[in-house]
Amino acid sequence: MNPTEAARLLADVEAFCQAIRPVEELCYVEHRFNDQVLPLARQHDILAMPLPREYGGRGADTVTYARALARIGREGTGVRTFFSGHTSIGEYPILTWGSEELKRRYLPAAAKGEKILAFGLTEPEAGSNPLQMQSTYERRGDHYVLNGVKYLISNGGICDAVVTFAYPKDEPNGRISAFVVDRGPGFESEDLTAKMGMPTSNTAMFELRDVKVPGSNLLGEPGNGFRIAMGTLVSGRISVAAGCLGVIEDCLAEALAYAQAREQHGKPIGKHQLVQEHLAHIEMDRAAADAMVMRAAQAKDASAADPGNRDLARQADIAAAQAKLFASNAAWDAADRAVQVFGGRGWSTLYRPGRHLMDVRVCRIYEGTDEILRLKIASSLLGKEYEAYK
Ligand SMILES: Cc1cc2nc3c(=O)[nH]c(=O)nc-3n(C[C@H](O)[C@H](O)[C@H](O)COP(=O)(O)OP(=O)(O)OC[C@H]3O[C@@H](n4cnc5c(N)ncnc54)[C@H](O)[C@@H]3O)c2cc1C
């Protein structure tokens, strides 16, 4: 993406962020879904930032897209999660593994906001180990029939189509395949509302009951589903890491402003050295998270430029895991410190640090828990024979 196009995209993202802020704050306090994210994102043409222009996208490279998501992350993890679900793990696998016909059918519509996407891998009994999933598919003539339950799916209650995964029925040694499934007969979703944070975003479970899926909606080859899921998570983890960078940036801005405005013991609290310690800590985390997110985004761009290169793919995979693990923990700590700087007001959803604290905690869980990412990073150093789980 050339610098002029990148600047235009980031300006559109900035305009979206300014428009969404008051709506998001009101929805958060009233604990309800923010139904303005989609129309405003559509208005500013940011529903398919990294897609090529021929599919209705903006053609952003991963570095530019990560900057955009960091900016959106400042408005809240719930707002950013919508984009991760729709674009980073929704559009991405269709673009990467879909047939030309499938791309034409879904991507321009997703870019225009006519089709909202989600990614359904997790099941009630299959989280960190997706291979434990119980969903099945069966080939019947020119279509597939899918059955199963997917759990904790971002955008799962508002999506028009979902990239999802299932085992072949009655094939004990069969491998998982990936499908694009439309909401329609047999597809039923239920919103999950008893959440610790992100009240303004949609998280749902859905059930597929004898859902008919056209044969052409298979992604990649039969049996390639696990590879597609893991490849998609590289894109997803960079999006989470970038969003967490935005959370840190916002916590820093809020804590700095408050430390200069609030006076106790006869001076601004920013003149108390123990308060300065929090600010310095958040700033160090911001700088480190920024470097790790950009490194992961660059690694992903390098890998995308040379798709057959397995070393580059591996580097991107590990860099994304490292960035996500680091940035999500740093964002949690930054939000905690910003709450502390705000004192009693910090412990409230009326102020930004408290909302960030509640929301960003999930970033240490979804798209690979802290533990799973640590094990992945360690085995990348030790070698395959040291993998702590199969
Ligand atoms: C708000 C939200 C949105 C989400 N969005 C999506 C989505 O869009 N799509 C989707 O598919 N999923 C989504 N998820 C699901 C998420 O990816 C899973 O919750 C996550 O992968 C963990 O799975 P689990 O909850 O089943 O926990 P479990 O896998 O049961 O893990 C429980 C604990 O055990 C630990 N653990 C498990 N195995 C090991 C091991 N081998 N070694 C060490 N520790 C281990 C875990 O790290 C964790 O601490 C979402 C979750 C949330 C909360």
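We now turn to the structure provided with this report. (Residues numbered from 1 in each chain as written. Predicted model: local features only at pLDDT ≥ 70, side-chain atom pairs only at ≥ 80, totals over all residues. Heavy atoms only, no water.)

Focus on the environment of Val339
Then, in step 1: For Val339, the location among the structural elements is in helix 8 (residues 310–342).
Then, in step 2: Given the relative accessible area of 10%, Val339 is considered buried.
Then, in step 3: C-alpha of Val339 to C-alpha of Tyr389: the two residues are 50 residues apart in sequence and 37 Å apart in space. (Helix = DSSP H or I, 4+ residues; strand = E, 2+ residues; numbered from the N terminus. Buried < 20%, exposed > 50% of the residue type's maximum accessible area, 1.4 Å probe, protein only.)

A word on the packing of helix 3 (residues 62–73) against helix 6 (residues 225–261)
Then, in step 1: Interaxial distance between helix 3 and helix 6 falls to 7 Å at its minimum, and their mutual angle equals 45°. With respect to each other, helix 3 and helix 6 are oriented oblique. Seen along the crossing, helix 3 lies across helix 6 with a hand that is right-handed. Taking contact as the criterion, the partners of Thr62, Ala66, Arg67, Leu69, Ala70 and Gly73 in helix 3 are, on helix 6, Ile238, Ser239, Ala242, Gly243, Leu245, Gly246, Val247 and Glu249.
Then, in step 2: Counted by class, the contact of helix 3 with helix 6 contains 7 nonpolar, 5 polar and 2 charged residues. (Axes fitted to C-alpha atoms, helices over the stretch in contact; angles between N-to-C directions. Parallel < 35°, antiparallel > 145°, perpendicular 65-115°, else oblique. Left-handed = near helix turned anticlockwise from the far one by under 90°. Contact = heavy atoms within 4.5 Å. Nonpolar A, V, L, I, M, F, W, Y, C, P; charged D, E, K, R; others polar.)

Comments concerning the nonpolar core
Then, in step 1: Counting 64 residues, the largest nonpolar core has Val13, Phe16, Ile46, Met49, Ile72 and Phe83 as the members making the most contacts within it.
Then, in step 2: Considering each element in turn, this core owes the most residues, 14 residues, to helix 6.
Then, in step 3: Judged by nonpolar contacts, the second largest core, of 28 residues, contains Leu107, Val163, Ala178 and Leu233. (Core = buried A, V, L, I, M, F, W, Y, C linked by side-chain atoms within 4.5 Å.)

Regarding the pattern of salt bridges
Pairing between side chains becomes possible if they bear opposite charge and their charged atoms approach one another.
Then, in step 1: Within this structure, the stated rule accounts for 29 salt bridges.
Then, in step 2: For Arg58, the salt bridge goes to Asp12, with nearest N and O atoms at 2.8 Å. With a gap of 46 residues between them, Arg58 in the loop between helix 2 (37–43) and helix 3 and Asp12 in helix 1 (residues 3–29) connect regions that are remote in the sequence.
Then, in step 3: The network of salt bridges with shared partners includes Glu14, Arg21, Glu25, Arg71, Arg74, Glu75, Asp250, Glu254, Arg352 and Arg355. (Salt bridge = Lys/Arg side-chain N within 4 Å of Asp/Glu carboxyl O.)

As for empty space enclosed by the protein
Then, in step 1: For the coordinates displayed, the defined rule picks out 1 cavity of 30 Å³ or more.
Then, in step 2: As a volume, the largest cavity reaches approximately 70 Å³.
Then, in step 3: Of all elements in the fold, only helix 1 and helix 9 (352–360) reach the threshold of two or more residues within the lining of the largest cavity.
Then, in step 4: When residues of the lining of the largest cavity are assigned to their parent elements, the largest contribution, 4 residues, is made by helix 9.
Then, in step 5: Its residues assigned to classes, the lining of the largest cavity shows 1 nonpolar, 2 polar and 6 charged. (1 Å grid on protein atoms, 1.4 Å probe; cavity = no way out; pocket = protein on both sides within 12 Å on 5 of 7 lines; lining within 4 Å. Points joined across faces, edges and corners; volume = space filled by probe spheres on them.)

Thoughts on the site of the ligand
Then, in step 1: Taken together, 20 residues form the shell around the ligand, and within it Thr122, Ser128, Leu152, Thr369 and Glu371 come nearest.
Then, in step 2: A distance of 2.9 Å is found between a nitrogen atom of the ligand and a backbone nitrogen or oxygen belonging to Leu152.
Then, in step 3: When the ligand is considered free in solution it has 970 Å² of accessible area, and contact with the protein chains removes 67% of it.
Then, in step 4: Sorting the residues of the shell around the ligand by element identifies strand 1 (117–120), strand 3 (143–154) and helix 10 (370–382) as the ones contributing at least two each.
Then, in step 5: A per-class count over the shell around the ligand returns 11 nonpolar, 7 polar and 2 charged. (Near = heavy atom within 4 Å. Polar contact = N/O pair within 3.5 Å; in protein donor to acceptor, adjacent residues only side chain to side chain. Areas by Shrake-Rupley, 256 points an atom, 1.4 Å probe, with all protein chains shown as cover.)

Section: the packing of helix 6 against helix 7 (residues 273–305)
Then, in step 1: The geometry of helix 6 relative to helix 7 is characterised by a closest axis approach of 9 Å and an angle of 155° between their N-to-C directions. As judged from the angle between their axes, helix 6 and helix 7 are roughly antiparallel. The way helix 6 lies across helix 7 gives a crossing that is left-handed. Where helix 6 approaches helix 7, its residues Val234, Ser235, Ile238, Ala241, Ala242, Leu245, Ile248, Glu249, Leu252, Ala255, Leu256 and Ala259 are matched on the opposing element by Val275, Leu279, Ile282, Glu283, Asp285, Arg286, Ala289, Asp290, Val293, Ala296, Ala297 and Lys300.
Then, in step 2: Residues that form the contact of helix 6 with helix 7 fall into these classes: 17 nonpolar, 1 polar and 6 charged.

Looking at the pairing of strand 5 (residues 177–182)
Then, in step 1: With 5 of 6 residues buried, strand 5 lies mostly within the body of the structure.
Then, in step 2: Relative to strand 5, strand 4 (residues 161–168) is paired through 6 bridges, and the arrangement is antiparallel. For Ala161, the partnering residue across the bridge sits in strand 5 and is Asp182.
Then, in step 3: Relative to strand 8 (residues 218–219), strand 5 runs antiparallel, the two being bridged by 2 bridges. Across the sheet, Ala178 pairs through a bridge with Leu219, a residue of strand 8. (Pairing = 2+ DSSP bridges.)

A word on helix 5 (residues 100–111)
Then, in step 1: Helix length check: helix 5 (12 residues) gives 16 Å between terminal C-alpha atoms against 16 Å at 1.5 Å per residue, within 8%.
Then, in step 2: Regarding helix 5, the residues found buried are Leu102, Lys103, Tyr106, Leu107, Ala109, Ala110 and Ala111.
Then, in step 3: Of the surrounding elements, those touching the buried residues of helix 5 are helix 4 (77–97), strand 1, strand 4, strand 5 and strand 8. (Expected span 1.5 Å × (residues − 1).)

Regarding a nonpolar patch on the surface
Then, in step 1: Where nonpolar side chains cluster on the molecular surface, the patch consists of Val29, Leu350 and Tyr351 and spans about 270 Å² of accessible area.
Then, in step 2: With respect to the helices and strands, the residue Leu350 is situated in the loop between helix 8 and helix 9. (Patch = residues over 30% accessible without salt bridge, like charges linked within 9 Å, V, L, I, M, F, W, Y side chains within 5 Å.)

What about the pairing of strand 4?
Then, in step 1: For strand 4, the buried fraction is high: 8 of the 8 residues fall into the buried class.
Then, in step 2: Summarising the sheet, strand 1 and strand 4 pair through 4 bridges and their orientation is parallel. By the bridge assignment for strand 4, Phe119 is matched with Val163.
Then, in step 3: Both strand 2 (residues 136–140) and strand 4 contribute to a ladder of 2 bridges, which runs parallel. Following the sheet pairing, Tyr137 is matched in strand 4 by Pro168.

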